[in-house]
Every structure is written in C-alpha cells, then in structure tokens.
Amino acid sequence: MKYNRILLKISGEALMGEDCFGISPEMIQFVASEIKQVHSQGVQLGLVIGAGNIFRGMAGAASGMDRANADNMGMLATVMNALAMQDGLEQQLVPARVMSAIPMQTVCEPYIRRRALRHLEKGRVVIFAAGTGNPYFTTDTAAVLRALEINADVIMKATRVDGVYDRDPEKDPQAVRFDTLSYTRVLQENLRVMDAAGISLARDSNLPVFVFNMKKQGNIVRAAAGENIGTLITR
Ligand code: UDP
C-alpha cells in the first residue's frame, strides 16, 4: 500500500443508495466491505461522514431557521450516520469507534485526539462524528482538520465520479478528468472538489487530497495502493 494512514471522507448522500433520503442498509454494507478490504491490508483508517442524506444547516437556514441552530442539527445528523457505519463495520468484524466532536458519552466516545491516535494504532477504524463541533463549517473542513490532527498521509474524498473534471461529467460526456491538480488551481477556478475552507486548510499544511469514485468495487484499495484512478491534488 502507498498510504499507511488514510482519512476517508464520505458524503451523507452516498449512504442513501438508490433512495432519496436516509440510510440505505445495502450502502452501509457495501461501504463497510470496501473499508474491510483496505483495513485487512494493515492500513489505518479514519472516517468522516457528512449528513446531506438527513439534514444540512444551509437548507434549514434557507427555510428561516437560525443558521447556528440548523448547523447543530446537521452535526447531530452526522452522528446518526457514524453510528450506522460503526454498526456496519462491526457486522463485518472490523473494529470501529465513533468519536464525536459534540460530547454525548452515553452514545459514543468524545473526540480526544490522543485517544483517537491510540485507536488507530490498535487497528480500529475511527469514525469522527459531529464535524468540527462548530456551526458555519462543513464535514469537508472537518475531514481535513482530522486528517491533519491524526497525521494522515492523505485525505481521500469519495465522490460519484472518477475525480475532478474540467466540466460536469454527468452532463457532458466530453469532460476530461485531471490526473493531478494544484490547490491554487482548484481555488482559483472554483473546481467542485470540496469547500474552499477545506482546500485552503489542506494547502496550508501540504496535505494531499485524492478525489475518487467509491461506487466502483475495489476502488478504496486501488486508491490506497496509489493507483491512478482519480485526481490527486497537491502543491
Ligand atoms: N456541520 C457543521 N459544522 C461542521 C460540520 C458540519 O455545522 O463542522 C453541519 C452543517 O450544517 C452541514 C451538516 O452538518 O450542512 C452536514 O454536513 P455536510 O453538509 O458537510 O454533509 P455532506 O454534504 O458531506 O453530506
């Protein structure tokens, strides 16, 4: 494997599968089995899961809610996704721990960086829930933050397409995929990789960002092995 410690970011929407809301048990099983493959190669894995399948703060604010209240709801929704993924991993006998940035001791562990590192060293998949614990942020930024905190070799962002394209590949079949990109180009051209706060945080610490398609079976292992199946963003 090229990478020994990976932070994998999965959007909430990826957990919906064919549904238009919520958590699909088949998708949880699929993602868990993909993670199991890479875990069995000895790779240490941290996970951040979004909540777009349940609730997004921006949507709440657009319908008149106070933004901070709405964002708190979004963060709580990520905990539900994290618990579902923990369950899916455990069903496949992959040890996993949810650590929440918003403490809720009766449900999961609070996020404590040193404890997270210990879990990783012991081969447990750590699922970082509740984003950064602060409103006005996203789980993309939370993923970069946690990747830096755990000294991950790379942050891998799972998307529906095979990386970053010059146009929307779902609308234009002529779209060309970039093998590599610089952080600055992503920011300047406003390429839809992750939000600008996340990309600039990655740029400041030179953390490689790999964008790939997790829907294809075996792609997490290929990505961990360093195969050219997506777009690598570096300096
Ligand atoms: N959120 C937040 N602070 C964070 C991370 C997330 O307030 O540090 C809230 C925010 O409302 C966001 C929601 O949680 O809309 C779900 O996260 P996100 O939209 O990033 O999920 P994804 O698009 O990846 O499914």
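Rules behind the numbers
Residues numbered from 1 in each chain as written. Predicted model: local features only at pLDDT ≥ 70, side-chain atom pairs only at ≥ 80, totals over all residues. Buried ≥ 20, exposed ≤ 12 C-beta atoms within 10 Å, placed from the backbone. Helix = DSSP H or I, 4+ residues; strand = E, 2+ residues; numbered from the N terminus. Pairing = 2+ DSSP bridges. UniProt positions renumbered as here; feature names shortened; annotations may be inferred. Contact = placed C-beta atoms within 7 Å. Near = placed C-beta within 6 Å. Nonpolar A, V, L, I, M, F, W, Y, C, P; charged D, E, K, R; others polar. Axes fitted to C-alpha atoms, helices over the stretch in contact; angles between N-to-C directions.

**Digging into the pairing of strand 8 (residues 209–213)**
Then step 1. Extensive coverage of strand 8 is indicated by the burial of four of its five residues.
Then step 2. Both strand 6 (residues 154–159) and strand 8 contribute to a ladder of five bridges, which runs parallel. Directly across from Ile 155, in strand 8, lies its bridge partner Val 209.
Then step 3. Examined bridge by bridge, strand 8 and strand 9 (residues 231–234) share three bridges and lie antiparallel to one another. Note that in strand 9 the partner of Phe 210 across the bridge is Leu 232.

**A look at the UniProt feature "binding site: ATP" (unreviewed entry) in the protein**
Then step 1. UniProt records the feature "binding site: ATP" (unreviewed entry) for Lys 9, Ile 10, Ser 11, Gly 12, Gly 52, Arg 56, Thr 159, Tyr 165 and Asp 168 in the present numbering. Spanning 160 residues, the named residues are also spread out in space, since their farthest C-alpha pair is 25.4 Å apart.
Then step 2. On the basis of neighbour count, Lys 9 is assigned to the buried category, with 28 C-beta atoms found within 10 Å.
Then step 3. When near neighbours in sequence (up to four residues on either side) are disregarded, Lys 9 contacts Val 48, Thr 139, Asp 140, Ala 143, Ile 155, Met 156, Lys 157 and Ala 158.
Then step 4. Mapped onto the elements of the fold, Tyr 165 is located in the loop between strand 6 and strand 7 (180–182).
Then step 5. Residue Tyr 165 is classed as partly exposed on the basis of its C-beta count, with 19 C-beta atoms lying within 10 Å.

**Looking at helix 5 (residues 139–149)**
Counting along an α-helix, one turn takes 3.6 residues, and residues three or four places apart therefore face a common direction.
Then step 1. Where burial is concerned, most of helix 5 is hidden: nine out of the 11 residues are buried.
Then step 2. When we look at burial in helix 5, the residues that qualify are Thr 139, Asp 140, Thr 141, Ala 142, Ala 143, Val 144, Leu 145, Arg 146 and Ala 147.
Then step 3. Among the structural elements, strand 1 (5–10), strand 2 (44–49), helix 3 (67–91), strand 5 (125–129), strand 6 and helix 7 (196–204) are those in contact with the buried residues of helix 5.

**Some words on the UniProt feature "binding site: UMP" (unreviewed entry) in the protein**
Then step 1. The sites that carry the UniProt feature "binding site: UMP" (unreviewed entry) are, in the present numbering, Asp 71, Thr 132, Gly 133, Asn 134, Pro 135, Tyr 136, Phe 137, Thr 138 and Thr 139. Over a stretch of 69 residues, the named residues converge on one spot in the fold, their C-alpha atoms separated by at most 11.0 Å.
Then step 2. Note on placement: Tyr 136 falls in the loop between strand 5 and helix 5.
Then step 3. Judged by the 11 C-beta atoms lying within 10 Å of it, Tyr 136 falls in the exposed class.

**Considerations on the site of the ligand**
Then step 1. Around the ligand sit 22 residues in total, of which Gly 50, Gly 52, Gly 57, Gly 74 and Gly 131 are the nearest.
Then step 2. Listed by contribution, the elements that provide at least two residues to the shell around the ligand are helix 2 (57–62), helix 3 and helix 5.
Then step 3. Considering only residue class, the shell around the ligand consists of six nonpolar, 12 polar and four charged.

**A closer look at the environment of Val 176**
Then step 1. Here Val 176 lies in the loop between strand 6 and strand 7.
Then step 2. A residue is classified by how many C-beta atoms lie within 10 Å of it, and Val 176, with 9 of them, is exposed.
Then step 3. Between the C-alpha atoms of Val 176 and Gly 163, which are 13 residues apart in sequence, the distance is 9.9 Å.
Then step 4. Leave out the neighbours within four places in its chain, and Val 176 touches Tyr 165 and Asp 166.

**Some remarks on the sheet that holds strand 1**
The pairing of strands in a sheet happens through backbone hydrogen bonds and is either parallel or antiparallel.
Then step 1. As summarised here, the arrangement of the nine strands in space is 4-3-5-2-1-6-8-9-7, forming an open sheet in which the pairing is mixed. The open sheet has two free edges, formed respectively by strand 4 (109–110) and strand 7, since each of these has just one partner strand.
Then step 2. Sitting on the sheet, helix 4 (residues 113–121) is in contact with strand 1, strand 2, strand 3 (96–100), strand 4 and strand 5, with an inclination near 150 degrees to strand 5.

**Some thoughts on unusual backbone geometry**
Then step 1. Even without a glycine there, the phi angle at Ala 130 is positive, about 65 degrees.
Then step 2. Considering the arrangement of structural elements, one finds Ala 130 in the loop between strand 5 and helix 5.
Then step 3. At Asn 151, a residue that is not glycine, the phi angle is positive and equals roughly 55 degrees.
Then step 4. For Asn 151, the location among the structural elements is in the loop between helix 5 and strand 6.
Then step 5. Asn 151 gets classed as exposed once you count the C-beta atoms within 10 Å, which come to 11.

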